[in-house]
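# Inside the fold
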Amino acid sequence: MKKLEQLYEGKAKKVFQTDDPACLIVEYKDDATAFNGQKKGTILGKGAINNRMTNLLMQMLEHRGVPTHFVQELNERETVVKKVTIVPLEVIVRNISAGHFAQNYGVEEGIVFEEPTIEFSYKNDDLGDPLINSYHAKALKLATQAEIDTIVRLAFQINEALKEFFLAVGITLVDFKLEFGRLEDGTIVLADEISPDTCRLWDKETGEKLDKDRFRRDLGNVEGAYQEVMKRLTGSQP
Ligand code: TMP
């Protein structure tokens, strides 16, 4: 597969055309941002870890019947994915209170919910990714009701699979953000990434944060946390 011109550069990844019109190549960067790009930094080795971890988790999800954009890992930082049109919704699933949930609703972090929650943000940096509900998403023509139904079903299915997978290596899956895309024929598939950038991961025994909150909140040892998650998932570092 030939890497052709760059289509897009986001905060954590670059996307390239390929000689196959149905496929793109994503390249993961070490750049990190938080608070809608207001805080900027570098997490050394993050690109390689997020690439490998996303691919590992997407393949696990495929085996469990979740359609994803994953095609083939090319090297440490680059992966071939199916070309999709991204549904401009950030789909957030929560098992335990943390982050904006704790902040917005005035509760402490660490409350274990009886059932997971789901919410959508409108993926729009100029507006600061505002929270929206499914009626707003339909009014804005971001997705149809049928697409939203599929996204909700897949998101909860993904939550069950990821919770079990992380728990097996001593990690509690607190919350995470997903993005979905449409293939040419309209099929909804999981896209983007699943990594410590997009999940809150706490050590099951100590509660230690093993995710991007270490960067957001200046907790130190950011690289070490990403490496620790990778090591537990694969038994080795990338
Ligand atoms: P929140 O508590 O800040 O809303 O974050 C919920 C989850 O979503 C958390 O695991 C981090 C992830 N997330 C992203 O992946 N991208 C973002 O831009 C934000 C705000 C959160």
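Rules and cut-offs
- Residues numbered from 1 in each chain as written.
- Predicted model: local features only at pLDDT ≥ 70, side-chain atom pairs only at ≥ 80, totals over all residues.
- Heavy atoms only, no water.
- Axes fitted to C-alpha atoms, helices over the stretch in contact; angles between N-to-C directions.
- Helix = DSSP H or I, 4+ residues; strand = E, 2+ residues; numbered from the N terminus.
- Left-handed = near helix turned anticlockwise from the far one by under 90°.
- Contact = heavy atoms within 4.5 Å.
- Pairing = 2+ DSSP bridges.
- Buried < 20%, exposed > 50% of the residue type's maximum accessible area, 1.4 Å probe, protein only.
- Near = heavy atom within 4 Å.
- Polar contact = N/O pair within 3.5 Å; in protein donor to acceptor, adjacent residues only side chain to side chain.
- Areas by Shrake-Rupley, 256 points an atom, 1.4 Å probe, with all protein chains shown as cover.
- Nonpolar A, V, L, I, M, F, W, Y, C, P; charged D, E, K, R; others polar.
- Salt bridge = Lys/Arg side-chain N within 4 Å of Asp/Glu carboxyl O.

The next point concerns the packing of helix 1 (residues 46-63) against helix 6 (residues 222-234). Between helix 1 and helix 6, the shortest axis-to-axis distance is 10 Å and the interhelical angle comes to 35°. Where helix 1 crosses over helix 6, the two elements pack in a sense that is left-handed. Contacts between helix 1 and helix 6 involve Lys 46, Ile 49, Asn 50, Arg 52, Met 53 and Leu 56 from the first element and Tyr 226, Gln 227, Val 229, Met 230, Leu 233 and Thr 234 from the second.

As a further point, take the sheet that holds strand 2 (residues 13-18). Spatial ordering of the open sheet is given by 1-2-3-7-6, a layout of 5 strands whose pairing is antiparallel. The open sheet is flanked by strand 1 (3-9) and strand 6 (70-73), the only strands paired with a single partner. Adjacent strand axes in the sheet meet at a mean angle of 30° when their direction is disregarded. For strand 6 and strand 7 (residues 78-82), the ladder comprises 3 bridges, and the chain directions are antiparallel. In the strand pairing of strand 7, Glu 73 is matched with Thr 79. Lying over the sheet, helix 1 contacts strand 3 (23-28), strand 6 and strand 7, oriented at roughly 130° with respect to strand 6.

Quick look at the environment of Gln 157 now. Relative to the helices and strands, Gln 157 resides in helix 4 (residues 145-167). Among the residues examined, Gln 157 registers a relative accessible area of 28% and is labelled partly exposed. Sequence-wise, Gln 157 and Leu 142 are 15 residues apart; in three dimensions their C-alpha atoms are separated by 22 Å. When near neighbours in sequence (up to four residues on either side) are disregarded, Gln 157 contacts Arg 64, Gly 65 and Val 66.

For the rest of this paragraph, the subject is the site of the ligand. Near the ligand there are 14 residues, and of these Arg 94, His 100, Asp 175, Lys 177 and Arg 200 occur at the shortest range. Between the ligand and the protein, one listed contact pairs an oxygen atom with a side-chain N or O atom of Arg 94 at 2.8 Å. A distance of 2.6 Å is found between an oxygen atom of the ligand and a side-chain nitrogen or oxygen belonging to Asp 175. The protein chains hide 81% of the 450 Å² of surface that the ligand would expose on its own. Of all the elements in the fold, those that place two or more residues in the shell around the ligand are strand 9 (89-96), helix 2 (99-105), strand 12 (171-182) and strand 14 (199-203). Considered class by class, the residues forming the shell around the ligand number 4 nonpolar, 3 polar and 7 charged.

Next up on the list: the pattern of salt bridges. Between side chains of opposite charge, a pair can form when the charged atoms approach closely. In total, this model carries 29 salt bridges according to the counting rule given. A salt bridge links Asp 125 to Lys 11; the nearest nitrogen and oxygen atoms lie 3.4 Å apart. In this pair, Asp 125 is assigned in the loop between strand 10 (112-122) and strand 11 (131-132) and Lys 11 in the loop between strand 1 and strand 2, connecting sequence segments 114 residues apart. By relative accessible area, Asp 125 is classed as partly exposed at 42%. The partly exposed category is assigned to Lys 11, whose relative accessible area is 36%. Of the charged contacts in the structure, one is a salt bridge between Lys 231 and Glu 228, with a shortest N-O distance of 3.7 Å.

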